[in-house]
Each structure stands twice: as structure tokens, then as C-alpha cells.
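If you want the building blocks of each chain, they are given just below.
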Amino acid sequence: MAKTDTIFVCQSCGAISAKWAGKCEGCGAWNTMAEETARPVVPGALSTPSGRKGKGIAFADLSGFSDPPARLSTRISELDRVLGGGLVPASAVLVGGDPGVGKSTLLLQAAAELAQSGAAVAYVTGEEAEAQVQDRARRLGARDAPVKLAAETDLRKILDGLRALKPDVVVVDSIQTMWADGVDAAPGTVTQVRACAHELVRFAKKSGAAILLVGHVTKDGQIAGPRVVEHLVDAVIYFEGERGLPFRILRAVKNRFGPTDEIGVFEMGERGLLETPNPSALFLGVSGRRASGAAVFAGVEGSRPVLVEIQALAAPAAYGTPRRAVVGWDSARLAMILAVLDTRCGLGFGGRDVYLSVAGGLRISEPAADLAVAAALISALADAPLPEDSVAFGELALSGDVRPASRTELRLKEAAKLGFKSAFAPAGAEGDKVAVRAIARIGDLAAVLGAGAAH
Ligand code: TYD
Ligand code: MG
């Protein structure tokens, strides 16, 4: 019999160690090593033939592929868009997000829609009792949808049930609660989660079902335990939202079948998640007079324009190193903009605490936000509000030059649609309904706002 050994596996990165340690040698995380039992793989054990005839794999030609199977629409177009046009049969999607953000709600709504459009849908929950899910279905007005519901965590029983049911779509909520009986580790550990995800993905590929796995996110924003699961599945989508705000944003971080830059926007209401097909006005903050330090960024998320307010505050620093705090944007990028403003325009933030926040809980990653951030910062420092009807976009180079942004026309059109009259934009941008104030160098913007000296 193979010798079994106790090993310690980092629940964050999967690194294995023979002894317990407070800090993982692999990723440096603290308190993540958990005890598991391993049956060591004997090197070379797989290199001898299996002995049975005809058991090797069969190879096919590249030309052998038929047309890809039709996608299943969830009839929730914000979700379909993020998936790249609906669910792909024989695929697995991981849906991550903070507890309480609305993952179960979204997937129950999708399950109900799919079932109502004729797909065979199974919803397996390991988190809640059947009655709780039924109660949620009642709230969502989805009680009559022919979804097959089971509350179970034993993967063997679940797979047996699924093989009998032959569903087109399976929801598993959540992967951290599932356990496979052949695996000697507690539910939620890397080993269990990986084994369960692997089995479920295999089931999807074999049976042709589309599987949606819910994964919890840890405090530091990763799907708990298993980054490993991200590699096993075909698509990973995150559901994000700010506590206290009704907006929820769905974003793909990996998708083998579609783009990863589209977002889906929802609003959590009394009767579940409502789609927001036209999100650009959501993130404009409180309407009315714009305060100093606020700028509107004309952004693009995937194929859609999104206008979002960026707020900056430059408060006198009490003592020591000034604080830099950012919500919804990259802090390294903020440091770069501050350095460019200091070096190229003589605008020093050295004695100031700087706070930067993107309104509405949106997270921006477009470099074209640079100019809007710079405008907010300059306006905050000078305590001078920007023109109320203006937007800004453009990427900033270290030299202080403002680089052209993609999709200029789309940005300007959306700004015009929402009543904006002018745009601080890279030189060369042209709009017919919005007056473009060309900013070739960052100093030009500072001069327009009456701050600093153009270098
Ligand atoms: P849930 O889907 O349970 O979140 P998750 O599965 O990601 O943990 O949703 C949690 C929150 O959503 C909960 O605080 C209640 C709220 N909610 C509504 O506001 N309206 C609704 O119709 C539903 C079903 C939930
Ligand atoms: Mg849930």
C-alpha cells in the first residue's frame, strides 16, 4: 500500500511543505498552511503501459471540429454580454464575489430564466437549506420556474443525481462547501476545492452541460483558497459592489469564449437584480454644482461608454509621510500622476494627504482616465471647481505629453448625450456637439485651471 504522509498546503497559492509554518515560503502569506494527507505519486508510475488493450487516447484532426454549439442565453443580457454571448455548452464558469454581493441571487435569476426558456436546469446549494432558496425564488417572482433544486454537499451524490437528471445547466453554490469522499481534507481546503472543481468540470465536458460554480472571495479579493480553480474553468467572472450602494458590476477576468473587457451593470432591488442597460449616468455622483476636486471621466468599458465622476481631496498633512488613499483606481498610477504634476507643472503635493475616489463603486483600469484624475487633483489643490459641463479623458506620459485615447468619438457622443458641453481631450480629438479643449501637454491643463506654471 502506498505510504500516506501528512503535508502542509498553502491555502492561498497551493505551495506544499513537509512542516507547518506560520508563513508560506511560496507566496509569503501568513497563517495559510493547512494540514492535508497526501498519497505520494511514485515517479514513473504512469510511464508503464496500463496493460489493458485499446485504452490509449485516440487522436483527431484539426479539421474534425464541427460548428461550435449554440450558446444558451440566460435572458439576462448584462450577464450574457459578460459571458461573451451566453453560456457555452460543456463549459465551466466560476462566479466570484464577496459574501452578500448577490451571487446566489444572480444565479437563481439566471437559472429561472434558463429553465423558463426550456433548458433543463439544476441548482445545487451547499450553503443554504432548500427552504431558503425557495423563499428567495418567491421574492424574485421565480417560484414557478421549472428549476430542479437540491441542498447537498456530498459530490458523489450530486454527480449521481446530475447523471440521472441530464441537465443542460448546473449551478453549484458554492465550490467551497462541496466535498469529495475520496479526498482526505476538510471542505474549503485547496485539495478539496481543487478535487471537486476538477470533477465538476469533467462532468461538464463529458455531459455537455454548462456549469456555473460560485466561489467566495477572501478579504484580499481572491477566490478563497484556490487560484487553482481559475485555471480549471473556462471563464472567471467577478461580481463586485460597494457596501451601501445598490450598484453591482459583473466583470470577466478570464474567458476562453469571449472578450474580458465587457462589464454588466445591475441594481439590487426589492425583487432581486435589475439590469442597467444604460449605465453611463449611474456613476456621475450627486448632480448639481460640481465641487472642487471633482472631474468627470468619459470612459469606455468594453463596447459601452461610461461616464464616471472622479473625486480628489488634497488635505494638509499633519505630520510624517503624507497619506495616499485610492478607491477604484490603481495607487501606483496615482503616484505617477502626482510625480508628473510635480515635475512638469511644479504642482507639489508633498505636504498634502491625497485621497482619490471613483464614484459609485466602479473600478477603472483604463489609462485614458489619467487626464481626468489629473484634472481632479489640480482642481482639488487649487480649490477651483472645473467647468460644470466638462468631461476629460486622455493618457498621460511621463514626459507630461497627453496621448490620444481610443474610441474618442464614442466618448464625446456619450458626453453630448448626457448634456456635457466641453471636453478636455488629447489634441486631435474632434466632436461636433461637444467643444474640445485640446490638451497637448499636462501644463496646458494646469494653465487653463489657473494653477502652476507650464514647463
Ligand atoms: P445573495 O445573493 O445571498 O449574496 P451572495 O450569494 O453573494 O452571498 O444576496 C445577498 C444580499 O442581497 C442580501 O443582503 C439581501 C439582498 N437582496 C436584495 O436586496 N433583494 C433581493 O431580492 C434579494 C434576493 C436579495
Ligand atoms: Mg450565496
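Values in this document were obtained by computation on a predicted structure and should not be read as measured data. Chains are numbered independently. Their residues run from 1 in the order of the written sequence. Think of it this way: whatever chain is written first is A, whatever ligand is written first is 1, and the rest follow in order. Local features are withheld for residues below a pLDDT of 70 in this predicted model, meaning they are given only at 70 or higher, and side-chain atom pairs are given and counted only at 80 or more; totals for whole chains, interfaces and linings count all residues. Water and hydrogen atoms play no part in the side-chain values, which are based on all heavy atoms of the structure.

Engineer: Whenever I open this one, the environment of methionine 268 confuses me. Can you help?
Structural biologist: Mapped onto the elements of the fold, methionine 268 is located in strand β11 (residues 263–269). Between the C-alpha atoms of methionine 268 and threonine 105, which are 163 residues apart in sequence, the distance is 9.4 Å. Residue contacts for methionine 268: discarding those within four places in its chain leaves Val101, Gly102, Thr105, Pro246, Arg248 and Leu273. The helix and strand labels rest on DSSP assignments: H or I over at least four residues marks a helix, E over at least two residues marks a strand, and numbering proceeds from the N terminus. Contacts between residues were defined by any pair of non-hydrogen atoms, one from each residue, lying within 4.5 Å.

Engineer: Where do I start with the pairing of strand β13 (residues 294–301) in this structure?
Structural biologist: Across a regular strand the side chains alternate sides, sitting on one face of the sheet and then on the other. In terms of residue burial, β13 counts as a mostly covered element, since 8 of its 8 residues are buried. Exposure classes here rest on a 1.4 Å probe applied to the protein chains alone. A residue is buried below 20% of its type maximum, exposed above 50%, and partly exposed in between. Residues Ala294, Val296, Ala298 and Val300 point to one face of β13 and Ala295, Phe297, Gly299 and Glu301 to the other, with burial holding for every one of them. Being paired, for any two strands, means DSSP has found at least two bridges between them. Where β13 meets strand β14 (residues 304–316), 8 bridges bridge the pair, whose relative direction is antiparallel. The residue of β14 that forms the bridge with alanine 295 is isoleucine 310.

Engineer: Any chance you could explain the packing of aromatic side chains here in plain terms?
Structural biologist: A pair of Phe, Tyr and Trp rings is counted when the ring centres sit within 6.5 Å of each other, with Trp represented by its six-membered ring. The angle between the planes then sorts it: under 30 degrees is stacked, over 60 is edge-to-face, the rest tilted. This structure, assessed with the given rule, holds 1 aromatic pair. Between the aromatic rings of phenylalanine 239 and phenylalanine 266, the centroid separation amounts to 5.9 Å while the plane-to-plane angle is 85°, which identifies the pairing as edge-to-face. One end of the pair, phenylalanine 239, is in strand β9 (residues 235–241); the other, phenylalanine 266, is in strand β11, and 27 residues separate them in sequence. Comparing phenylalanine 239 with phenylalanine 266, the two get one shared label, buried.

Engineer: Explain the sheet that holds strand β7 (residues 169–173) here, please?
Structural biologist: Two modes of strand pairing occur in sheets, parallel and antiparallel, and in both the strands are linked by backbone hydrogen bonds. Judged by pairing direction, the sheet is mixed, and its 9 strands sit side by side in the order β6-β5-β7-β8-β4-β9-β10-β11-β12 without closing on themselves. In the strand order of this sheet, the two ends are held by β6 (147–151) and β12 (272–275), each with one partner. Pairwise comparison of adjacent strand axes, ignoring direction, gives a mean angle of 25° for this sheet. Across 4 bridges, the pairing between β7 and strand β8 (residues 210–216) is parallel. Each residue of the ladder has a partner; that of valine 169, found in β8, is alanine 210. For helices, the fitted line uses only the C-alpha atoms of the stretch in contact; every axis is such a line through C-alpha atoms, and the angle between N-to-C directions lies from 0 to 180 degrees. Contacting β5 (121–125) and β6, helix α3 (residues 130–139) crosses the sheet at an angle of about 145° to β6.

Engineer: Looking at this structure, how should I read the pairing of strand β4 (residues 92–97)?
Structural biologist: The element β4 is largely enclosed, with a buried count of 6 among its 6 residues. Here β4 shows no split at all, with Ala92, Leu94 and Gly96 on one side and Val93, Val95 and Gly97 on the other all buried. Pairing of β4 with β8 involves 6 bridges; the strand directions are parallel. When the sheet's bridge partners are listed, glycine 97 is paired in β8 with histidine 216. Relative to β9, β4 runs parallel, the two being bridged by 5 bridges. If you follow leucine 94 over to β9, its bridge partner there is valine 236.

Engineer: I'm lost on the nonpolar core in this one. Help?
Structural biologist: In a soluble, globular protein the nonpolar side chains are often hidden away together inside. Formed by 62 residues in total, the largest nonpolar core has its most connected members in Leu341, Leu377 and Leu445. Both of domain 2 (77–277) and domain 3 (282–448) provide at least three residues apiece to this core. Excluding its chain neighbours within four sequence positions, the residues that come into contact with leucine 377 are Ala312, Leu334, Ile337, Leu338, Leu341, Phe349, Val354 and Leu356. Formed by 36 residues, the second largest nonpolar core is a distinct cluster that contains Ile76, Val82, Ala119 and Ala145. In this description, a nonpolar core means a group of buried Ala, Val, Leu, Ile, Met, Phe, Trp, Tyr and Cys residues linked to one another through side-chain atoms lying within 4.5 Å. Residue ranges for the domains trace back to a domain assignment, done automatically or taken from a database.

Engineer: Is there a simple way to explain the domain arrangement of the protein chain in this structure?
Structural biologist: Accessible area lost upon the coming together of the parts serves often as the stated size of an interface. When its domains are assigned, the protein chain resolves into domain 1 (1–40), domain 2 (77–277) and domain 3 (282–448). The straight-line distance from the C-alpha centre of domain 2 to that of domain 3 is 37 Å. Taken together, the contacts link 15 residues of domain 2 with 11 residues of domain 3. With both sides pooled, the region where domain 2 packs onto domain 3 buries about 1,200 Å², and carbon together with sulfur makes up 52% of that total. Summed over both partners, buried area is the accessible surface (1.4 Å probe) that two parts give up on being assembled.

Engineer: Sorry if this is basic, but what is going on with the site of ligand 1 here?
Structural biologist: Any residue with a heavy atom lying within 4 Å of a molecule or strand is counted as near it. Close to ligand 1 lie 16 residues, the nearest being Gly100, Ser104, Thr105, Gly269 and Gly272. The term polar contact refers here to a pair of N or O atoms within 3.5 Å; inside protein, the definition further demands a hydrogen-donor-capable atom paired with an acceptor-capable atom, and it admits residues adjacent in sequence only when both atoms are side-chain atoms. Within the backbone of valine 101, one N or O atom sits 3.4 Å away from an oxygen atom of ligand 1. Arginine 139 places a side-chain nitrogen or oxygen 3.1 Å from a nitrogen atom of ligand 1. Secondary-structure elements contributing two or more residues to the shell around ligand 1 are α2 (103–116), α3 and β11. For the shell around ligand 1, the element with the most residues is α2, which contributes 3 residues.

Engineer: In this structure, what is going on with the pattern of salt bridges? I would like to understand it.
Structural biologist: Opposite charge on two side chains lets them pair, provided their charged atoms get close. Take a side-chain nitrogen of Lys or Arg and a carboxyl oxygen of Asp or Glu: if they are within 4 Å of each other, that pair is a salt bridge. Per the counting criterion, the structure on display carries 18 salt bridges. The salt bridge partner of aspartate 401 is arginine 441, with a shortest N-O separation of 2.7 Å. Note that aspartate 401 is positioned in the loop between β18 (395–396) and β19 (402–403) and arginine 441 in the loop between β21 (435–439) and α10 (442–448), a separation of 40 residues in sequence. With its nearest N and O atoms 3.7 Å apart, the salt bridge here joins lysine 417 to glutamate 414. Of this pair, lysine 417 and glutamate 414 are both found in helix α9 (residues 408–417), 3 residues apart, which corresponds to roughly one turn of the helix. For glutamate 414, a relative accessible area of 8% translates into the label buried.

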